[in-house]
Amino acid sequence: MASRSLRLLLLGCLGVLSYPKVSGISIETDNKNVKAEEFKEAILSCKHKFSKGMSLRIEWKKIQPQGVSFVYYNGEFTVAPTTPVCEVPSSAMTGTVVELSCKESEGSPPSEYQWYKNGVALREKTGTGSARAANITYTMNKKSGTLLFNTVTKNDTGEYFCEASNGIGLSQKCSVKRMQVDDLNISAIIPAVVCVALVMALCGLGVFYAQKKGYFTSKKTNYQSTSEKDFKHTKSFVI
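One structure accompanies this document, and this report is about it.

Thresholds applied
Residues numbered from 1 in each chain as written. Predicted model: local features only at pLDDT ≥ 70, side-chain atom pairs only at ≥ 80, totals over all residues. Heavy atoms only, no water. Pairing = 2+ DSSP bridges. Helix = DSSP H or I, 4+ residues; strand = E, 2+ residues; numbered from the N terminus. Axes fitted to C-alpha atoms, helices over the stretch in contact; angles between N-to-C directions. Disulfide = S-S within 2.5 Å. Buried < 20%, exposed > 50% of the residue type's maximum accessible area, 1.4 Å probe, protein only.

Overview of the sheet that holds strand β11 (residues 138–141)
Stage number 1. Judged by pairing direction, the sheet is antiparallel, and its four strands sit side by side in the order β6-β8-β12-β11 without closing on themselves. Whereas interior strands pair on both sides, the edge strands pair on one side only; in this sheet they are β6 (85–87) and β11. Averaged over all pairs of adjacent strands, the angle between their axes in this sheet comes to 5 degrees, without regard to strand direction.
Stage number 2. In this structure, β11 lies alongside strand β12 (residues 146–149), joined through four bridges in antiparallel fashion. Within the sheet, the bridge partner assigned to Y138 lies in β12 and is F149.

Shown next, in the form of structure tokens:
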């Protein structure tokens, strides 16, 4: 596995510099098949020749079937983004605040995010020009990946997904999720409120009737003490 990755890196360097017929650049390496043990040091060579007066940018790239996964340039690694995680509510009520989020943490430099609705890229709200004319009701933050609706409407119903990119390799996007926006169902709320009011009224009447009948009145037992004066002998016994 390690040797295969090194070969891919070497191919990346070859791909950057091997254009002898176009720009007069030639490239060669001491070893095209580098084998190394995992977690051990490996040295890749990349020798090139070019015409005077030319400036070169030499990069090492790891190339995979899905594209470039990272780039090594000027002593630093840059990493392609991974598939972002998107959070989209499946339903919302008109007039409420709704926020969609999109985030991935592997990309270096940090990724920027672009939201799409029904396959069409959403524009940023700049407050001027075409953005103002289009009456955009959302705020899209490309740095944080949030899409905020301060007062969502039925027109915001649709299928949403987010795309992350940082200029390294291919951009990555999350799966499409649908958000359905509906009006508040007043016709269903009114009967529910009426039922709750009736139940509360019946409970109140029940408590009033029970108090009137004295069910909640505590009964007191009166004890009468017998004094010595009230004590009478009815018979005498002589021994």
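Focus on the state of the cysteines
Stage number 1. Under the definition given, this model contains two disulfides.
Stage number 2. A disulfide bridge connects C86 with C174, and the sulfur atoms are separated by 2.0 Å. Residues C86 and C174 are joined through a disulfide that is left-handed, its torsion about the S-S bond being -95 degrees. Residue C86 is found in strand β6, and its partner C174 is found in the loop between β14 (172–173) and β15 (177–182); the two are separated by 88 residues along the sequence.
Stage number 3. When its relative accessible area of 5% is taken as the criterion, C86 is described as buried.
Stage number 4. Looking at C174, the relative accessible area reads 7%, which means it is buried.
Stage number 5. A sulfur-sulfur separation of 2.2 Å characterises the disulfide bridge that pairs C102 with C162. Across the S-S bond of C102 and C162 the torsion is about -80 degrees, and the bridge reads as left-handed.

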